[in-house]
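As a plain string of letters, each chain reads:
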Amino acid sequence: MKSVFLKSGLFVVGALLLIGEANAQRAPKKRGTQPPTGQEASQQTNNNQPSGYDPFGNLPITVDSSGISDTTVRKSLRNDNAYDKSSVSARTPLVYEHLRADDALFAEKVWRELDLREKMNQTFRYEAKDDNGSQVFIDMLLRAVNTGQVTAFDDDRFSTPKTLADIMQLTVGRADTVAQYDPKDINKIIGYRVTRATFDAKSVVKLRIKEEWVFDRESSRMFCRILGIAPLKTEYLPNGQERGSSVMFWVYYPDLRPTLAKAEVYNPKNMGQSRMTWEELFESRMFSSYIVRSTLDNAANRNIRAYIKDPILALLEGDNIKDKIFNYEQDLWSY
């Protein structure tokens, strides 16, 4: 009898254990024990983010191109002159006279700066439109670079070319993304606007020229050959004070001559003849400049302002270098 009761008790205990395990398997798990998926995940993400957050990138993005200068060339559909000027576009620069290395008795490189705010250099900032576009010199220079007529370089030895993307960053600035908010709810973002810094051609107020003075003993005369031109971009401090200038890029002048030979220079006092070209202006040296560096007695290859801090004395040192070059040619002659 006892064995029957013992077997019955064991059977009841086993049945209870099986029922408890089955109930545990059918019970739903707690919601916090597994990560949400699908719509629950998106709802939970949006609830945890601040107002205006757009995790799916569905907000509109507009690009504001007002800061990019318009470089479109609009040609006149009629003859805008009382006389025929078709020969201007056919001009070509004269070929340089060949100089042999054995005949170069004297050769020194000189770096000059042109301040376009000076009265003699006002033609570089002539604001007008023509069949070849803007007549501001920096605009013509940028147009020649952007159209592939010349190559822009990073240094004055013309060893590292710049890409068009690099030139674009210098002229239109970097892109800046600004969020736009709902006027009724300042915490809600309704879109984004991409803007760029405005580039003003008149902000380039200086040019740097690299040239070489060579005395050719075969012809017994001094030659001056321009090697490169670089626009200088003025940098300012946060308070608006002028900090200095930096080189934007260098252009090899002999490559630029064919382009300059087809562009006229504004001359307010020229009444009877056609205007001279930019190539003729540089070859005739009809500009005002001052020397900032040279290879004459400069073993450290430093700028004048690096060892002469006073600006007036630095200008006088530049004139002293010019006199040394001039006197070298004059001292070779006996009167």
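The preceding data block contains the structure.
This text gives an overview of the structure that appears in the document. Predicted model, so just to flag it, every value in this text is computed and none were measured. (Residues numbered from 1 in each chain as written. Predicted model: local features only at pLDDT ≥ 70, side-chain atom pairs only at ≥ 80, totals over all residues. Heavy atoms only, no water.)

**Observations concerning the side chain of asparagine 121**
Part 1 of the argument: Position of asparagine 121 among the secondary structure elements: in the loop between β2 (104–115) and β3 (129–130).
Part 2 of the argument: In this structure, asparagine 121 is in contact with Leu114, Asp115, Leu116, Phe287 and Ser288, ignoring residues within four places of it in sequence. (Helix = DSSP H or I, 4+ residues; strand = E, 2+ residues; numbered from the N terminus. Contact = heavy atoms within 4.5 Å.)

**Quick word on the pattern of salt bridges**
Part 1 of the argument: Overall, the coordinates contain 14 salt bridges when judged by the stated rule.
Part 2 of the argument: Here arginine 208 ties to glutamate 113 by a salt bridge, and the two come within 2.5 Å at their closest N and O atoms. Of this pair, arginine 208 sits in strand β8 (residues 206–216) while glutamate 113 sits in strand β2, placing them 95 residues apart in sequence.
Part 3 of the argument: For glutamate 211, the salt bridge identified is with arginine 285, shortest N-O distance 3.0 Å. Taken as a pair, glutamate 211 in strand β8 and arginine 285 in the loop between α6 (278–284) and β12 (290–294) lie far apart in primary sequence, 74 residues in all.
Part 4 of the argument: Owing to a relative accessible area of 0%, glutamate 211 belongs among the buried residues under this scheme.
Part 5 of the argument: Through salt bridges that share partners, Arg100, Asp102 and Asp103 make up one connected network. (Salt bridge = Lys/Arg side-chain N within 4 Å of Asp/Glu carboxyl O. Buried < 20%, exposed > 50% of the residue type's maximum accessible area, 1.4 Å probe, protein only.)

**Remarks on helix α8 (residues 311–331)**
Part 1 of the argument: Its 21 residues place the ends of α8 30 Å apart at the C-alpha level, agreeing with the 30 Å of an ideal helix rising 1.5 Å per residue.
Part 2 of the argument: Those residues of α8 that are buried are in contact with β2, β8, β9 (221–236), β12 and α7 (304–307).
Part 3 of the argument: Where α8 begins, one side-chain oxygen reaches toward the backbone nitrogen of isoleucine 312, 3.1 Å away; that side chain belongs to aspartate 310. (Expected span 1.5 Å × (residues − 1). Polar contact = N/O pair within 3.5 Å; in protein donor to acceptor, adjacent residues only side chain to side chain.)

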